[in-house]
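Survey of secondary and tertiary structure
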Amino acid sequence: MAENGGDFAFTHCESLVREGDPDRYWASLFAPPDKRPHLHALYAFNFEIARVRDSVREAMFGEIRLQWWRDALQGESRGDVRANPVAAALDDTIVKFRLPRHALVTLIDARIFDLYDDPMPSLNDLEGYGGETSSSLIQLASIILTDGSDPGTADAAGHAGVAYAITGLLRAFPWHARQGQLFVPEEVLARHGVVREDVVSGRGGPGLNSALADMRAVARRHLAQVRTLRPTIPAAALPAFRHLALVEPYLKAMERKDYDPLHSQIDLPQWRRILALWRGTF
């Protein structure tokens, strides 16, 4: 356990991740016990940043909350940052494993997009978003697992994060649509004759299934790249990639005949999730 943060901060992080990010929580159990609290600190930070939109009524207040986290990471926050258990545990983890603070700040900056209903212009933009959020987490987790050394996993983490991010956004598609938020790139929707109004109104349109099939294909392409790069991932860092074992089961669930992209909730029973993670196949 960390030297300065105390048990409470890390226990709080573990609880947050177990409830709010079960994929990464169960995957973290395949890491060595002494690394798990620090993975939970990293993932709890991500969970806090990812849910900012849902916890504020106006985007401006979301910007203020994200700025607090920026200041906390850069040592400029007013007040006692250590009073926030997630910030305290994360700070201990950053110091212990020499994590690059700029990567965490970049993750925060990428999440500003979440606060607004702006369209995602292109696939390249979406891949960049996935890289700065999901891929960054995998790389930072790999650094923790290799005791602060360079794990040599940047390329693998890049593709892995995009595959997992796209899959997660497709799972959340009905929720985002109801909020007026679309992560499927405009260029992909336009290629299939889908307009934003049809999606957010719940009509969908005949081309929506084809557009989402294209996105599943993109996720699988990135997953295939991770498989190619797997020999570059040191054994110690593999738990950082473990949740990728859930990508294919989630994508297959979206290809069932009864799948309705605007209403179906894509999830796995807990026993199937744990079994897939135990197998660790991606």
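Residues numbered from 1 in each chain as written. Predicted model: local features only at pLDDT ≥ 70, side-chain atom pairs only at ≥ 80, totals over all residues. Heavy atoms only, no water.

With their axes 11 Å apart at the nearest point, helix 5 (residues 59-73) and helix 6 (residues 85-97) run at an angle of 35° to one another. For the element pair helix 5 and helix 6, the recorded crossing hand is right-handed. Judged by residue contacts, Trp-68, Trp-69 and Leu-73 of helix 5 engage Val-86, Ala-87, Leu-90 and Ile-94 from helix 6. Counted by class, the contact of helix 5 with helix 6 contains seven nonpolar, no polar and no charged residues. (Axes fitted to C-alpha atoms, helices over the stretch in contact; angles between N-to-C directions. Helix = DSSP H or I, 4+ residues; strand = E, 2+ residues; numbered from the N terminus. Left-handed = near helix turned anticlockwise from the far one by under 90°. Contact = heavy atoms within 4.5 Å. Nonpolar A, V, L, I, M, F, W, Y, C, P; charged D, E, K, R; others polar.)

Once that is clear, we can look at helix 15 (residues 270-279). Given 3.6 residues per turn, any residue in an α-helix points the same way as the ones three and four places further on. Buried within helix 15 we find Arg-273, Ala-276 and Leu-277. Across the axial projection of helix 15, the buried residues extend over an arc of 95°, all falling on one side. In helix 15, the exposed positions that point more than 90 degrees away from the buried face belong to Trp-271, Trp-278 and Arg-279. Buried residues in helix 15 make contact with helix 2 (22-28) and helix 14 (247-253). Just downstream of helix 15 lies Gly-280, where phi reads positive at about 70°. (Buried < 20%, exposed > 50% of the residue type's maximum accessible area, 1.4 Å probe, protein only. Arc of directions from axis to C-beta.)

With that settled, the discussion passes to the confidence of the model for the protein. Interpretation of the predicted coordinates at a detailed level should be avoided for regions scoring low in pLDDT. For the protein, per-residue confidence averages 93 on the pLDDT scale, and 96% of positions sit at 70 or higher. Note that pLDDT drops below 50 for residues 1-5; the model gives that stretch 11 contacts with residues more than four away or on any other chain. (pLDDT = per-residue confidence, 0-100.)

Under the criterion given, the structure shown has six aromatic pairs. Taking the centre distance of 5.4 Å and the plane angle of 65° together, the rings of Phe-45 and Trp-69 count as edge-to-face. Placement of the pair is Phe-45 in helix 3 (residues 36-50) and Trp-69 in helix 5, with a sequence separation of 24 residues. Considered together, Phe-45 and Trp-69 belong to a single accessibility category, that of buried residues. Site record: aromatic cluster; members linked through ring pairs are Phe-45, Trp-68 and Trp-69. The ring of Tyr-43 carries the charged tip of Arg-24 above its face, separated from the ring centre by 5.9 Å. The residue whose ring lies beneath Arg-171 is Tyr-250, and the NZ or CZ to ring-centre distance is 3.8 Å. (Phe/Tyr/Trp six-rings, centres within 6.5 Å; stacked < 30°, edge-to-face > 60°. Lys NZ or Arg CZ within 6 Å of the ring centre and 35° of its normal.)

Those residues of helix 7 (residues 101-110) not exposed but buried are Ala-103, Leu-104, Val-105, Leu-107, Ile-108 and Ala-110. Lining the buried residues of helix 7 we find helix 3, helix 5, helix 6 and helix 8 (123-145).

Another aspect to go through is the environment of Glu-248. With respect to the element layout, Glu-248 can be found in helix 14. Counting along the chain gives 90 residues from Glu-248 to Gly-158, while the straight-line C-alpha distance between them is 18 Å. Excluding residues that lie within four positions of it along the chain, Glu-248 makes contacts with Arg-220 and Leu-223.

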